[in-house]
Structure formats: structure tokens, C-alpha cells
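In case you want the letters, here they are:
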Amino acid sequence: MLGSSSVLVNNQESLHSEWFAGRIIDWQQQYGRCGLPWQGADAYRIWLSEIMLQQTRVATVIPYYLRFVDRFPAIPVLAAESEEMVLAYWSGLGYYSRARNLHSASRIIMQQHNGEFPHQFKDILALPGIGRSTAAAISAFAFHERCAILDGNVKRLLARYYAIDGYPGEQKIEAMLWEKAEALLPEKNVAIYTQGMMDLGATICTRSKPECCRCPVQAGCVAHRNGCVALLPTPRLRKKLPERKTTFLLLRNGSDILLEKHTGRVIWGGLWCPPQLDIQIPGDIESVRVYCRQFFNVEVINVLALPKFLHTFTHFKLHIFPLLIDVAVEDTLKAQETGMAWMGLDDAQCAAIPSPVRKLLQEIQKNCWES
DNA sequence: TAGCCGTGGCC
DNA sequence: TGGCCAAGGCT
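Each chain carries its own residue numbering, running from 1 in the direction its sequence is written. The naming scheme follows written order: chains are lettered A onward, ligands numbered 1 onward. Reporting in this predicted model follows two pLDDT cut-offs: at least 70 for local features of residues, and 80 or more for side-chain atom pairs to be given and counted; totals over whole chains, interfaces and linings ignore these cut-offs and use all residues. In computing side-chain properties, one takes all heavy atoms of the structure into account and sets aside hydrogens as well as water.

Engineer: So what exactly am I meant to see when it comes to the protein's contact with DNA strand C here?
Structural biologist: In these notes, residues near a molecule or strand are those with any non-hydrogen atom within 4 Å of it. Close to DNA strand C lie 28 residues, the nearest being Arg 33, Leu 53, Gln 55, Thr 134 and Asn 153. When the atoms of DNA strand C within 4 Å of the protein are grouped by moiety, sugar and phosphate amount to 63% of the total. Between DNA strand C and Asp 151 there is a distance of 2.8 Å, counted from a sugar or linking oxygen to a side-chain nitrogen or oxygen. Pairs of N or O atoms are called polar contacts if they sit within 3.5 Å, as long as, within protein, a hydrogen donor faces a hydrogen acceptor (for residues adjacent in sequence, only side-chain-to-side-chain pairs). Interatomic distance of 3.2 Å between a side-chain N/O atom of Lys 317 and a phosphate oxygen of DNA strand C. Those elements that provide at least two residues to the surface near DNA strand C are α8 (132-143), α9 (152-161) and α11 (190-203). Strands here are runs of E lasting at least two residues and helices are runs of H or I lasting at least four, both read from the DSSP assignment and numbered beginning at the N terminus.

Engineer: Whenever I open this one, the domain arrangement of chain A confuses me. Can you help?
Structural biologist: The extent of an interface is frequently quoted as the accessible surface area lost upon association of the parts. Domain start and end points were adopted from an automatic or database domain assignment. Taken as a whole, chain A is organised into domain 1 (9-231) and domain 2 (243-367). A separation of 38 Å is found between the C-alpha centroids of domain 1 and domain 2. When checking whether two residues touch, look at their non-hydrogen atoms; a contact exists if any pair is within 4.5 Å. Counting residues at the interface gives eight residues for domain 1, matched by 15 residues for domain 2. When two parts are put together, the accessible area they lose, computed with a 1.4 Å probe and summed over both, is reported as buried area. Across the domain 1 to domain 2 interface the summed buried area is about 800 Å²; carbon plus sulfur atoms make up 45%. One side-chain nitrogen of Lys or Arg within 4 Å of one carboxyl oxygen of Asp or Glu is enough to make a salt bridge. Linking domain 1 with domain 2 are one salt bridge, by the criterion used here. Across the salt bridge formed by Glu 84 and Lys 261, the nearest N and O atoms sit 2.8 Å from each other. Counting across the interface, domain 1 meets domain 2 through six residue pairs in polar contact (both at pLDDT 80 or more). Think of it as three bins: nonpolar holds Ala, Val, Leu, Ile, Met, Phe, Trp, Tyr, Cys and Pro, charged holds Asp, Glu, Lys and Arg, and polar takes everything else, Gly as well. A breakdown of the residues in the side of domain 1 that touches domain 2 according to their chemical character gives four nonpolar, two polar and two charged.

Engineer: Which parts of the structure should I look at to understand unusual backbone geometry?
Structural biologist: Note: most peptide bonds trans; most residues except glycine with negative phi. Each neighbour pair has its own omega, and for Leu 232 with Pro 233 the value is -10°, a cis peptide bond. With respect to the element layout, Pro 233 can be found in the loop between α12 (222-226) and β1 (243-253). Backbone geometry at Tyr 95 places phi at a positive 45°, although glycine is not the residue there. Mapped onto the fold, Tyr 95 is located in the loop between α5 (83-90) and α6 (97-112). Using a 1.4 Å probe on the protein chains alone, a residue whose accessible area is under 20% of its type maximum counts as buried, one over 50% counts as exposed, and one in between counts as partly exposed. Tyr 95 gets classed as partly exposed once you look at its relative accessible area, which sits at 43%. With a phi angle near 55°, Asn 297 is a residue other than glycine that sits in the positive phi range. For Asn 297, the position within the fold is in the loop between α13 (285-296) and β5 (299-305).

Engineer: Looking at this structure, I do not really get the side chain of Ser 133. What am I missing?
Structural biologist: The residue Ser 133 is located in helix α8 in this model. Looking at Ser 133, its side chain comes within polar contact range of the main-chain nitrogen of Leu 150, at 3.1 Å. Ignoring sequence-local partners within four residues, the contact set of Ser 133 consists of Ile 149, Leu 150, Asp 151 and Trp 178.

Engineer: Just checking my understanding: could you explain empty space enclosed by the protein for this structure?
Structural biologist: Here the idea is plain: a probe the size of a water molecule rolls over the atoms and shows the empty space left. Put plainly, a pocket is an open set of points on a 1 Å grid over the protein atoms alone with protein on both sides within 12 Å along at least five of seven lines, a cavity is a set where a 1.4 Å probe fits but cannot get out, and a lining residue has an atom within 4 Å of a point. Grid points are joined across faces, edges and corners, and a volume is the space filled by probe spheres set on the points. Applying the stated criterion across every chain yields a total of two cavities of 30 Å³ or more. Arg 160, Cys 205, Cys 212, Cys 215 and Cys 221 are, among the 13 residues lining the largest cavity, the residues nearest its centre. For the lining of the largest cavity, the leading source of residues is α9, giving three residues. Partitioned by chemical class, the residues of the lining of the largest cavity number 10 nonpolar, two polar and one charged. Around the second largest cavity, the lining residues are Ala 148, Ile 149, Val 154, Ala 181, Leu 185, Tyr 193, Thr 194 and Met 197. A breakdown of the residues in the lining of the second largest cavity according to their chemical character gives seven nonpolar, one polar and no charged.

Engineer: Can you walk me through α6 in this structure?
Structural biologist: Side chains three or four residues apart in an α-helix point the same way, a direct result of the helix having 3.6 residues per turn. Expected span, for any helix, means 1.5 Å times one less than how many residues it has. End to end, α6 covers 22 Å across 16 residues, agreeing with the expected 22 Å (1.5 Å per residue, within 8%). Residues of α6 that are buried include every one of Arg 98, Ala 99, Arg 100, Leu 102, His 103, Ala 105, Ser 106 and Ile 109, and no others. Each element contacted by the buried residues of α6 is listed here: α2 (43-52), α3 (58-71), α4 (75-80) and α5. Positioned one or two residues after α6, Asn 114 has a phi angle of 55°, which is positive.

Engineer: Can you help me understand the packing of aromatic side chains in this one?
Structural biologist: The way to describe two aromatic rings as a pair is by their centre distance and the angle between their planes. Only the six-membered ring of Trp is used, alongside the rings of Phe and Tyr, when aromatic pairs are assigned; centres must lie within 6.5 Å, and planes under 30 degrees apart are stacked while those over 60 apart are edge-to-face, with the rest tilted. Applying the stated criterion across every chain, the model contains 13 aromatic pairs. Seen in terms of ring centroids, Trp 47 and Phe 117 are 5.2 Å apart; in terms of plane orientation they differ by 45°. Their pairing is tilted. Here Phe 117 lies in the loop between α6 and α7 (121-125) and Trp 47 lies in helix α2, a separation of 70 residues in the sequence. Overall, Trp 47 belongs to the buried group, its relative accessible area being 0%. Relative to Trp 90, the ring of Phe 68 lies with its centre 6.0 Å away and its plane at 90°, an arrangement referred to as edge-to-face.

Engineer: Help me understand the pattern of salt bridges in this model?
Structural biologist: Pairing is possible between side chains of opposite charge, provided their charged atoms come close. In total, this model carries 12 salt bridges according to the counting rule given. Here Arg 252 and Asp 326 are joined by a salt bridge, their closest N and O atoms 2.8 Å apart. Within this pair, whereas Arg 252 is found in strand β1, its partner Asp 326 is found in strand β7 (residues 317-328), the two being separated by 74 residues in sequence. Taken as a pair, Arg 252 and Asp 326 share a single burial class, namely buried.

So this is what it looks like as C-alpha cells:
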């Protein structure tokens, strides 16, 4: 009894998977996104696009992607370049460990795979910066391997389709979603199916205002049947973000700015930033004069407090108090002894700098505040 | 394993 | 305005 009913269930599940995948594939071919610059490209470009697209929207990625492949058109070129240069082309995109891992992985590929992007799922997964879902996406798109992905789009889609309650970041919930993703995977056309799942999530089964009436799998969607689409997926409970303060010391010598390189796995790791104090300091010239003489060995000519602003990270808010400090420096090369460098404003804006620093440098250049 | 790691667009 | 969160991975 048990055996035959189990076979029946398996048959039903298999038939359902076939129906589901067929609907997704048909929909993708008719309505899916096409013409994205990495679609149909080589494994290197597909890899790059998948990394850039982690936690980042397509529209944001496209200009970065185009500039990046223009400058680093193949893996050997990327591997031969410095991390600094790679970060400069990543500057503004955020999550800079992605760029450091990408660069590191390119050198591993040169050493361990003769410069050719690996074809085996386990080899792809072993590269830094590539987890289970990204490895599956590359395998499916570049090599047409039968691997299931589970990115944000697919999580949202499946959480609704099966009305799975609970935050998808939770391990138990995520395990259930992986199970569903694997079970639905078709035998053929995995690349089209995978792109279809992503595109359906991105354009129809959106976080807010999903267009269920245009969804190809609406007939099987449990959340739609139960009228709880808007409640799923369960949002994460978020604590209030802690707030921190920092003073940016924008030391200016003529048209040069003093920057220091953040090292290690810290916020903005590998990027150039103005020296910071993790408190708000008085902007009066005497306080700043004493501080700058002591720590930077420079004579302060003038101090101007620029407007404060807020920069929000994933896990804290940063109130930035910028001080534009005009100084006199005799030997600009001496800064190198302490891991700092004087850079011209134009050069600095081409360097690896985080977004708020770029914003400030542009402001300084535009307004030409006088000494 | 939960916290860490950016940025910008949306409502 | 501010909270939310995107084609996640690492430790």
C-alpha cells in the first residue's frame, strides 16, 4: 500500500515539475529579458556578471560591467593586473571583497586551470567568492549543466509558490527552498529555465506589487490561491541600525589630497580614503592645527567644515563630518612612510575610492573652495 | 552562525 | 523622509 501510494505521489510530483518547467521555459522565450550584455557570452563574462549582480541590480551593474570587460577582456589580463587596478574599476559598486575575490580567483585559474575557467561544478564552487547558487548559475549559463540556483528572485518565487512561511535566510527555510528548487529542475533547457526563474522573479513576482495576472505558473501558486502573496516571503526581523560618527580629514595641499589605503578585511578594504577619526571633532582651526601638526607633520593654513551627511551601510549608519583642511607640505613623498599618499584631485577620482569619498572630491573640485 | 561586507532605487 | 532590500558569500 505504502509503496504504491508513494509511487503515485512521485509520479504526480514529476508531472507537476514537468508542467512548471514547461511554463517557465515558454514564458522566458516569449517575455524574458534578452539583450543583456553578458547573455551568451563566454564563461569569464558570465562569471563576472554573476559576481557583480550579487546583491546588486541589473541597471546598476551594466555600466560597470561594460567598463570592466573593456579594460580586462580575459582572465589572463585580469590575473596580470594589480588588485589596486581591479578595485579602481570596481569603485562605487560596493562589496569590495567581491572584487578582491574575483582577482584572487583569476590567479588561481591561471595556476590550477591553465587560464581556462573550470567546467566542473566542484571546481567552480571552490573558487573564492563563488557559493552554491553562483556556481550553479555559471554552470547552467556557461556550460548548460543541470544545476539549481537559489538567488533572491527564486527564493521569493518559491516561497510564494509553495506558501513557505518563515524568513528565507533562516537555515531551515532555506533548506526547504533548495529542495523545491532541485525538485523543479527540468532535464533539458536548464539555461533557459534558470534565466526564466530569475526574470520571472525580477519582473513579475516582484517584492511589491507582483503581477500575478501575468504569471505563467499562477494556476499552481499556493500563495495566490490562499490570498497571501503580499505576506510572502516573510521579511527578516531587523534591529534598528547602530549609528556611528566619523570625521573625514580632507587635507589639501594645493590641488593634492591626502589619502590612506584601508588594509585587511575591513569596511572599504583595499580602498583609498581620507584619514578618519571615529568621533566628531571640533572644527575650530586651533584644535585641528594641533592635531594635524602632531599626526601629519603639516602646518594648517585654513579649516572649512563642509556639510555633514549620512552614509548607510548594511549594518550601521555613518554620520560623516568632513573638514577641508588647507595645509602646507614641504615633502609630499614623506607620506608614503605611513601608508598614505598625496594624490591630485583628478588622479584620486580615477583611483579605488568608496562612493562617499568620490562625492566629496567632486564637490571640492566643483566648488573650488579657496584656501 | 549570526554578523560582516556597499550602494542606490523604490515606495 | 527612512526603511527595505537587490542575480550572496565569508568567517
